[in-house]
Amino acid sequence: MTKFDEIANLPPQNFLPTFWLQKVGLRSKPSLITPAFPKNYYMSKTKLFQLPLVVLLFLIFALSPFNALAALNNSGKIFLQIEQNGEAWYANPSDGNLYYLGRPLDAFNVMKKFGVGISDKDISLIPMGLIPSSAADTDQDGLCDELENLLGTKYTSADSDNDDFSDKAEIEGWHNPVGSGVLKANKALAEKLKGKILIQVEKKGAGWYVNPANAKRYYLGRPGNAFEIMYNLGIGISNKNLAKLPINYFKETFKTDYYELKYPNTWSKTVLSPAANAAYNKIPIIHQVEFQLPSGIGYLNVNVLEGNDDHTLGDFNISAIAKADKLIDNNFLVGIKPAKVQKFKFPLPITINGKKFERGAQFFADIMISTKKFIHLYFAVYNEGDITLAESYFNKLLKDLKLIIK
Ligand SMILES: [Ca+2]
Ligand SMILES: [Ca+2]
Ligand SMILES: [Ca+2]
C-alpha cells in the first residue's frame, strides 16, 4: 500500500492533502495567482509618482475592478485553497463552474465525469509531461509501470531502445523512446484541448489531463495518482478570489415525504430519529436529517416541524444570538415557497453547543409547507474562510428545494 492509497482511504475529517503532499516531498506550498495587497497599500500621490511606469501600470491593472480572476481564463485550471488545507477545485471548461475535487476518489470521479473521448491517433499528437508519482516504477526512470505499458516502453529498462537517452528524457523532449527520431505533435490540437480531461477510448479509458499552463498531457492513472497530478499542477488561490467564481456540484437527491433536496455528493447524510419531545419554537420535530460537509468544515440540519396550532413565518424570527452580528434577515419567495432566511456571523471565536466557531457563521431558513407544517434548515460553518462558499451552497440548496404538498 502506497502513501497515496493511505490518503485515498482516509475519512474526510482527517484529510489534509497539502500536509501529506509536503510530507512525502511532492510539492511545496503553491503561490497566489493574483498579488495580495495589504490594506495600507494605497499610497500618497507623491509616492506614486516615484514609482516606475511599469509598476504603476501593474498597480492600475491589479486594483481595477475589471481585473482579478474575471480577466483571466480559468478554463480547465485546478485551484488549491492555500488558506485552508489545500482543497482542490476544477474549473470545468464546459460550463465555467468550479467543482470541488474532495478526496482522491471524489477527484477521480470528477475527472472521469468531465472526460471527453479521444482516439489513440489524436492523443499521440499531444506531447506528454511527467511529474513525480507514487505509483510503482520498477526501473525507476520516472515513468510508472502502468504508463510504460500504455506507451509500449519497457518497465524493466530505464532506456528501452538503448540509445543512451532515458525513457524519461525522450518523453520530455518528445523523442521516440522505442526507436529513432522525434515524435509528431499537433500544437493547435494541444492548445484546443488545454484544461480538458481526455479519456483514451481505445485504451480501456485511460485518463489524461492537459495542463493549461504548457498544453502537455499528464497521465491520471488510478485515483491516488490522479490526485497527485492535480496537486502538482494546481494553482494557489485565496478564499476571497475563490468566492468570486461560480461553483457547482454533482447533485445527490434526497427525497422525503415532505421535500426533495439536492445536495453535493461529497456530503455525507444521516437520517436522525427525533426524540419524542423534540421541538423547535414549540413545534414538534417530526423528521430530521443531518449532512456533514467534507473536511469537517460544517454541517446542515433539515428539520420538518408539524404542530396542531396555526403558525405563520413570523414565529421563526431569530432575534438574538450571543456575540453574533446579524447580517441578513430576508423574507422572500423561493418559487412558491414563502421562506425566511437569516444569517449570523461571529466576529470572535465562540463555542455553541460544544461546536467551536472560529469566526464562522450560522444560516437559517424557514419554509412554510402549510400553516401547521414547516421546514427548518440550520447550516453552520466553523471558519470565517468558508462563509462565502457556504452561503453559495445554502442559496443553491434553497433554490433546488422542492416541497411535497399532500
Ligand atoms: Ca518506469
Ligand atoms: Ca522504462
Ligand atoms: Ca532511449
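Here the structure is a predicted model, which is why all the values come from computation and not from measurement. Once a new chain begins, its residue numbering starts again from 1 and follows that chain's sequence as written. Chains and ligands are labelled sequentially in the order written, the chains with letters from A and the ligands with numbers from 1. For a predicted model such as this one, the threshold for reporting local features is a pLDDT of at least 70, and the threshold for listing and counting side-chain atom pairs is 80 or more; totals across whole chains, interfaces and linings nevertheless cover every residue.

## Structural notes on the environment of Gln 81
Heads up, the condition is: Every helix listed is a DSSP run of H or I at least four residues long, and every strand listed is a run of E at least two residues long, numbered separately from the N terminus. For the purpose of contact definition, each residue receives a C-beta atom placed from its backbone, and two residues are in contact when these atoms lie within 7 Å.
Relative to the elements of secondary structure, Gln 81 occurs in strand E1 (residues 78-81). Taking C-alpha positions, Gln 81 is 6.0 Å from Gly 236, a pair spaced 155 residues apart along the chain. Apart from residues no more than four positions distant in its own chain, Gln 81 is found in contact with Gly 86, Glu 87, Ile 237, Asn 239 and Leu 242.

## Here we look at the sheet that holds E1
Where strands meet in a sheet, backbone hydrogen bonds hold them as pairs that are either parallel or antiparallel. Short version of the rule: At least two DSSP bridges between two strands are required for those strands to pair.
The mixed open sheet is built from five strands, whose spatial order is E8-E1-E2-E3-E9. In this open sheet, the two strands that pair with only one neighbour each are strand E8 (235-237) and strand E9 (247-248). Bridging between E1 and E8 involves three bridges; their strand directions are parallel. When the sheet's bridge partners are listed, Leu 80 is paired in E8 with Gly 236.

## Quick notes on the nonpolar core
The condition is simple: As used throughout, a nonpolar core is a set of buried Ala, Val, Leu, Ile, Met, Phe, Trp, Tyr and Cys residues joined through C-beta atoms within 7 Å of each other. Labels follow a simple rule on C-beta atoms placed from the backbone: if 20 or more others lie within 10 Å of a residue's own, it is buried; if 12 or fewer, it is exposed; otherwise it is partly exposed.
Ala 88, Trp 89, Leu 101, Ala 107 and Met 230 are the most contacted members of the largest nonpolar core, which has 42 residues in total. Those elements that place two or more of their residues in this core are E1, strand E2 (88-91), strand E3 (98-100), helix H6 (104-114), strand E5 (197-200), strand E6 (206-210), strand E7 (217-219) and helix H11 (223-233). Top element by residues in this core is H11. It accounts for six residues. What Met 230 contacts, discounting residues up to four positions off in sequence, is Ile 78, Ala 88, Leu 101 and Ala 107. Counting residues in each nonpolar core, the second largest holds 36 residues, with Leu 305, Ala 361, Leu 389 and Ala 390 among its members.

## Things to note about the packing of H6 against H11
Heads up, the rule is: Interaxial angles span 0 to 180 degrees and are taken between N-to-C directions of axes, which are lines fitted to C-alpha atoms, for helices over the stretch in contact. Small angles under 35 degrees read as roughly parallel and large ones over 145 as roughly antiparallel, with 65 to 115 read as roughly perpendicular and the rest as oblique. All residues other than Ala, Val, Leu, Ile, Met, Phe, Trp, Tyr, Cys, Pro, Asp, Glu, Lys and Arg, Gly among them, are scored as polar; the first ten of these are nonpolar and the last four charged.
Remark: H6 packs on H11, axes separated minimally by 8 Å, with the N-to-C direction vectors making an angle of 80 degrees. Viewed along their axes, H6 and H11 adopt a mutual orientation that is roughly perpendicular. Residue-level contacts link Pro 104, Leu 105, Ala 107, Phe 108 and Met 111 of H6 to Pro 223, Gly 224, Ala 226, Phe 227 and Met 230 of H11. Here the residues of the contact of H6 with H11 sort into nine nonpolar, one polar and no charged.

## Describing the pairing of strand E15 (residues 298-306)
Pairing of strand E14 (residues 283-292) with E15 involves seven bridges; the strand directions are antiparallel. Across the sheet, residue Glu 290 finds its bridge partner in E15, namely Asn 301. Where E14 hands over to E15, the hairpin turn is made up of five residues, of which Ser 295 adopts a positive phi near 60 degrees. Inspection of the sheet shows E15 paired to strand E21 (residues 373-383) by nine bridges, in the antiparallel sense. Across the sheet, residue Glu 306 finds its bridge partner in E21, namely Lys 373.

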